Amino acid sequence: MPNRWKPNVTVAAIVEREGRFLFVEEDTADGLRLNNPAGHLDPGESPIQACVREVLEETAYDFEPTALVGVYLNRFTRTRTGDDITYLRFAFAGNVGAHHAWRSLDDGILRAVWLTPDELRSCSARHRSPLVLQSVEDYLAGQRAPLDLIHTDASVLRTPG
């Protein structure tokens, strides 16, 4: 099957501090959008490692995942190209650590911002995807699974050769 369909695997962080959640404001083809700190799984890393990396790259905060909030499937059509893309997202709850203000943020990320759930709900038209709010609502509802539910075989982590 040369054209087998494969979803894009992504990770996202659900980070709460003093009743506010960490998001990123990013410049997209559709304008300024809000998203959880999130990104693609890279070769040679586990979903947990990817989430730690993405939070640092997009917000300049250290992140320690503590639980899996959910696994989400979302379909999206790119505005510029019309490409039909499906994302499989692992959303992790966790704690932020040190903020490294000297770090540059990923391309397209304008800033990290802390919002209350009500502030997030009030700007749903600016969300990058429906998963932004869905994952926060699931977190607020107490949805958590242990991290050991996700197993990454050692074969993924070693360098091919």
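Check the entry above for the structure.
Residues numbered from 1 in each chain as written. Predicted model: local features only at pLDDT ≥ 70, side-chain atom pairs only at ≥ 80, totals over all residues. Heavy atoms only, no water.

A word on the environment of T116
Part 1 of the argument: As for its placement among the helices and strands, T116 is situated in the loop between strand 7 (109-115) and helix 2 (117-121).
Part 2 of the argument: A relative accessible area of 22% places T116 in the partly exposed class.
Part 3 of the argument: The residues contacting T116, other than those within four sequence positions of it, are G19 and R20. (Helix = DSSP H or I, 4+ residues; strand = E, 2+ residues; numbered from the N terminus. Buried < 20%, exposed > 50% of the residue type's maximum accessible area, 1.4 Å probe, protein only. Contact = heavy atoms within 4.5 Å.)

A few points about the side chain of E45
Part 1 of the argument: Along the chain, E45 turns up in the loop between strand 4 (38-40) and helix 1 (47-59).
Part 2 of the argument: Residue classification places E45 among the buried positions, given a relative accessible area of 10%.
Part 3 of the argument: A distance of 2.7 Å separates a polar side-chain atom of E45 from the backbone nitrogen of D42.
Part 4 of the argument: Polar contacts involving the side chain of E45 include one to the side chain of R53, which spans 2.6 Å.
Part 5 of the argument: Not counting chain neighbours up to four residues away, the residues in contact with E45 comprise H40, A50, R53, V156 and L157. (Polar contact = N/O pair within 3.5 Å; in protein donor to acceptor, adjacent residues only side chain to side chain.)

Quick word on the pairing of strand 1 (residues 8-17)
Part 1 of the argument: As judged from the eight bridges shared by strand 1 and strand 6 (residues 84-99), these two strands associate in the parallel manner. The partner of A13 across the bridge, within strand 6, is F92.
Part 2 of the argument: The pairing of strand 1 with strand 4 spans three bridges and is antiparallel. Paired with A12 across the strands is A38, a residue of strand 4. (Pairing = 2+ DSSP bridges.)

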